[in-house]
There are 2 protein chains.
Amino acid sequence: MLKYQQTATEIEAYIEQHALQQGDKLPVLDQLIRQFEVSKTTMTKALELLERKGTIFQVRGSGIFVRKTNRKGYIELFSTQGFKQNLVEHDIQSKVLSFELIPCPEEIIENLGSTPEEMVYAIKRIRYINDNIMCLEESYYRQAIVPYLNREIVEQSIFEYLETALGLNIGFSDMYMHVGKLPDSIAQHLELKAGDPALTVETIFHLTNGRPFDYSVITYHYEHSQFVVQANGLYL
Amino acid sequence: MLKYQQTATEIEAYIEQHALQQGDKLPVLDQLIRQFEVSKTTMTKALELLERKGTIFQVRGSGIFVRKTNRKGYIELFSTQGFKQNLVEHDIQSKVLSFELIPCPEEIIENLGSTPEEMVYAIKRIRYINDNIMCLEESYYRQAIVPYLNREIVEQSIFEYLETALGLNIGFSDMYMHVGKLPDSIAQHLELKAGDPALTVETIFHLTNGRPFDYSVITYHYEHSQFVVQANGLYL
DNA sequence: TTGATAAATTGTACATGTACAATTATAATA
DNA sequence: TATTATAATTGTACATGTACAATTTATCAA
């Protein structure tokens, strides 16, 4: 683990231990540097990481303060950076509906930048959050990049397997979101009615080297999923 | 404008001028440093900015490459960083439904960290994108921070006014999203039917010093709004 | 008191330099 | 030719140091 990531984790622990709340002030930058025994660069990067993660905010001339979202029960859609301790407080389960190795379907080719001959793992599964149906996920993995998958892996966390067992470096992703009415085919899986509202998120995942390896379409159950996003930039 | 922001803008211009496409390689870091005559720190920060913005991706040992989303017609929900050139390619118009100065409503107090006595500007407006109804926006600005607003300003970009005329420094925001069925009252404004699907986004905007100044609830028209998010971290 | 002004505090921008890890290209070997 | 080992390329991590801008605190005048 990198030093600045490690430092960031330690600062989080510090916040936890001292039970700091929204708006509370952390020690001054110089003090943090001495306290955690790192250089200014490292501390700055650690703080920047925590700022993007939404844990703190920094005010020049004033100090470093804790930023906490108070609402509970929301899913972090884009951790935008950092670790993956998003959903740890939620209990996530999966039920595999289908799992097969097929030639890349026509409509997926463009998204994955693949060829019609190329084989892909096609997986359909329902994901549960705290024993409620959260979403239906249909995903396609290029076998050229993910040479092997099996049903057992797919029942657990696929990304976990890709990173640890296969040593793949997962990089960035493009997500496309829209809201619409559920078609009957999907509604059944979510135990909802056709015409009910749904959030659909298409995502193209890339390795750090830019190669797309996974295209997935997730349809969320509108009653069991709500999302929080901590943003830092500007907007509308 | 800061040097690294300026540099980032110049690199974007470079990409534009050379008509670089997805996956095309930029000059090597050292070359970029010489070419744009900045230090390594500055260039690194500029590139980091562009990476977060989704314009490029960097691969150690390999190079710096262009990253472009090819789908058109999507709204950038969270620019996650950077400038606010999101919606420039869209034509955004507003129609003000109501505009008043009132004591802070009960249900808003907690979100804005205000008191019941405090006065807030309450604004309701419909926003159009390319002449289609995009969303209904209800927003509340604390008068303690935004001392003056009028109907004319509200018909244009409020944030533009806050930044330039009032000199406020807009910082981070917390967004809460969920999907649901439209109540009749809102459906009418969006020219939809009660029960139709809708994406609702609540946002609490803060100044850079951490003080919340704006709480808004936006209900999007499901047929006229779709969103793209370029993420960099990890996920589900 | 109030209000302006100066000084101290504190985070950010930027430069320079070293070491290193991931990738790619090259050379050596079977 | 294919495979492996080596070297060159290229971005990232990290340290140190200077200058500065935004904020807060202290000081002084009215």
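Since this is a predicted model, take the numbers as computed values, not measurements.

The rules behind these values
Residues numbered from 1 in each chain as written. Chains lettered and ligands numbered in written order. Predicted model: local features only at pLDDT ≥ 70, side-chain atom pairs only at ≥ 80, totals over all residues. Heavy atoms only, no water. pLDDT = per-residue confidence, 0-100. Contact = heavy atoms within 4.5 Å. Near = heavy atom within 4 Å. Polar contact = N/O pair within 3.5 Å; in protein donor to acceptor, adjacent residues only side chain to side chain. Helix = DSSP H or I, 4+ residues; strand = E, 2+ residues; numbered from the N terminus. Salt bridge = Lys/Arg side-chain N within 4 Å of Asp/Glu carboxyl O. Buried < 20%, exposed > 50% of the residue type's maximum accessible area, 1.4 Å probe, protein only. Pairing = 2+ DSSP bridges. Nonpolar A, V, L, I, M, F, W, Y, C, P; charged D, E, K, R; others polar. Expected span 1.5 Å × (residues − 1). Arc of directions from axis to C-beta. Core = buried A, V, L, I, M, F, W, Y, C linked by side-chain atoms within 4.5 Å. Phe/Tyr/Trp six-rings, centres within 6.5 Å; stacked < 30°, edge-to-face > 60°. Lys NZ or Arg CZ within 6 Å of the ring centre and 35° of its normal. Axes fitted to C-alpha atoms, helices over the stretch in contact; angles between N-to-C directions. Parallel < 35°, antiparallel > 145°, perpendicular 65-115°, else oblique.

A.B. asks: I would appreciate a short explanation of the confidence of the model for chain A in the present structure.
C.D. replies: If pLDDT is low for a region, its predicted coordinates should not be looked at in detail. With 93% of its residues at a pLDDT of 70 or more, chain A has an overall mean of 90. Considering only residues more than four positions removed or in separate chains, one finds that residues 80-86 of chain A, a stretch of pLDDT under 50, has 26 contacts.

A.B. asks: What is the right way to look at the protein's contact with DNA strand D in this model?
C.D. replies: The environment of DNA strand D is made up of 21 residues, and the closest members are Lys3, Ser39 and Thr42 of chain A together with Leu29 and Gln58 of chain B. Each atom of DNA strand D within 4 Å of the protein belongs either to a base or to sugar and phosphate, the latter forming 63%. In the environment of DNA strand D, a phosphate oxygen lies 3.2 Å from a nitrogen or oxygen atom belonging to the side chain of tyrosine 4 of chain A. The contact in question runs from a phosphate oxygen of DNA strand D to an N or O atom on the side chain of lysine 45 of chain A, over 2.8 Å. At the level of secondary structure, the elements contributing two or more residues to the surface near DNA strand D comprise α1 (3-17) and α3 (40-53) of chain A together with β1 (56-59) and β2 (63-66) of chain B. Looking at the surface near DNA strand D, the element that brings in the most residues is α3 of chain A, giving four residues.

A.B. asks: Can you help me understand the pattern of salt bridges in this one?
C.D. replies: For side chains of opposite charge, pairing can occur when their charged atoms come near one another. Evaluation of the coordinates by the stated rule reveals 16 salt bridges over all chains. Ionic pairing is found between aspartate 174 of chain A and arginine 67 of chain B, a salt bridge with its closest N-O pair at 2.9 Å. Here aspartate 174 of chain A is found in strand β7 (residues 170-181), whereas its partner arginine 67 of chain B is found in the loop between β2 and β3 (75-76) on a different chain. In this pair, the class of aspartate 174 of chain A matches that of arginine 67 of chain B, namely buried. Each of the salt bridges in this network shares a partner with another, and the network as a whole consists of Glu48 and Arg52 of chain A together with Glu48 and Arg52 of chain B.

A.B. asks: How should the sheet that holds strand β5 (residues 119-129) of chain A be read in this particular structure?
C.D. replies: Either a parallel or an antiparallel arrangement is found when strands of a sheet pair, and the pairing is made through backbone hydrogen bonds. Taken together, the eight strands give an open sheet; going across it, the order is β4(A)-β5(A)-β6(A)-β9(A)-β8(A)-β7(A)-β10(B)-β3(B), and neighbouring strands pair in mixed fashion. Bordering the open sheet on either side are β4 (92-103) of chain A together with β3 of chain B, each of which pairs with just one other strand. Summarising the sheet, β3 of chain B and strand β10 (residues 226-231) of chain B pair through two bridges and their orientation is parallel. In the sheet register, glutamate 76 of chain B faces β10 of chain B, and the bridge partner there is valine 228 of chain B.

A.B. asks: Explain the protein's contact with DNA strand C here, please?
C.D. replies: For DNA strand C, the set of nearby residues contains 21 residues, the closest of which are Leu29 and Gln58 of chain A together with Lys3, Ser39 and Thr42 of chain B. Close to the protein, within 4 Å, the atoms of DNA strand C belong to sugar or phosphate groups at a rate of 66%. One nitrogen or oxygen atom from the main chain of leucine 29 of chain A is found 2.7 Å from a phosphate oxygen belonging to DNA strand C. Here a base oxygen of DNA strand C sits 3.2 Å away from a polar atom, N or O, in the main chain of glycine 61 of chain A. Of all the secondary structure elements, the ones that give two or more residues to the surface near DNA strand C are β1 (56-59) and β2 (63-66) of chain A together with α1 (3-17) and α3 (40-53) of chain B. At four residues, the largest contribution of residues to the surface near DNA strand C is made by α3 of chain B. Of the residues assigned to the surface near DNA strand C, the class counts are six nonpolar, nine polar and six charged.

A.B. asks: I keep staring at α1 of chain B and nothing clicks. Help me out?
C.D. replies: Residue and element names in this part refer to chain B. With 15 residues, α1 extends 21 Å from end C-alpha to end C-alpha; this agrees with the ideal 21 Å at 1.5 Å per step. Buried residues of α1: Thr7, Ala8, Ile11, Glu12, Tyr14 and Ile15, and no others. Each buried residue of α1 lies within a common arc of 155° when the element is viewed along its axis, so the set occupies one face. Across from the buried face of α1, at angles greater than 90 degrees, the exposed residues are Lys3, Glu16 and Gln17. Looking at the buried side of α1, the elements it contacts are α2 (29-36), α3, β1 and β2. Immediately beyond the C-terminal end of α1, within one or two residues, lies alanine 19, with a positive phi of roughly 50°.

A.B. asks: Can you walk me through the nonpolar core in this structure?
C.D. replies: As a rule of thumb, nonpolar side chains are buried together in soluble globular proteins. In terms of nonpolar packing, the biggest core is built from 52 residues, with Met177, Leu199 and Tyr220 of chain A together with Met177, Leu199 and Tyr220 of chain B touching the most fellow members. Residues within four places of leucine 199 of chain A in sequence aside, it is in contact with Met177, His178, Val179, Ile218, Thr219, Tyr220 and Phe227 of chain A together with Val179 of chain B.

A.B. asks: Can you walk me through the packing of aromatic side chains in this structure?
C.D. replies: What describes a pair of aromatic rings is the distance from one ring centre to the other and the angle between the planes of the rings. Per the counting criterion, the structure on display carries 20 aromatic pairs over all chains. Here the aromatic rings of tyrosine 220 of chain A and phenylalanine 227 of chain A are separated by 4.9 Å at their centres, their planes lie at 80°, and the arrangement is edge-to-face. Accessibility classification places tyrosine 220 of chain A together with phenylalanine 227 of chain A in one group, the buried group. Joined through ring pairs, the aromatic side chains of Tyr141, Phe159, Phe205 and Phe213 of chain A make up one cluster. A cation sits over an aromatic face here: arginine 71 of chain A above tyrosine 176 of chain B, 3.9 Å from the ring centre.

A.B. asks: Would you explain the sheet that holds strand β8 (residues 197-207) of chain B in this entry?
C.D. replies: A sheet is described by the order of its strands in space; here eight strands give the open sequence β3(A)-β10(A)-β7(B)-β8(B)-β9(B)-β6(B)-β5(B)-β4(B), paired in mixed fashion. What marks the edges here is a single partner per strand, and that holds for β3 (75-76) of chain A together with β4 (92-103) of chain B. Two strands pair when backbone bridges link them, and strand β7 (residues 170-181) of chain B and β8 of chain B are joined in this way by ten bridges, in the antiparallel orientation. Bridging from a neighbouring strand, glycine 180 of chain B pairs with alanine 198 of chain B of β8 of chain B.

A.B. asks: What is the right way to read the packing of α2 of chain B against α3 of chain B from this model?
C.D. replies: How two helices pack is summed up by the angle between their axes together with the distance between the axes. All names here are of chain B. Where α2 meets α3, the closest approach of the two axes is 10 Å, and the angle between their N-to-C directions is 110°. Considered as vectors, α2 and α3 are oriented roughly perpendicular to each other. Residue-level inspection shows Leu29, Leu32, Ile33 and Phe36 of α2 in contact with α3, the latter providing Lys40, Met43 and Leu47. Tallied by class, residues from the contact of α2 with α3 come to six nonpolar, no polar and one charged.

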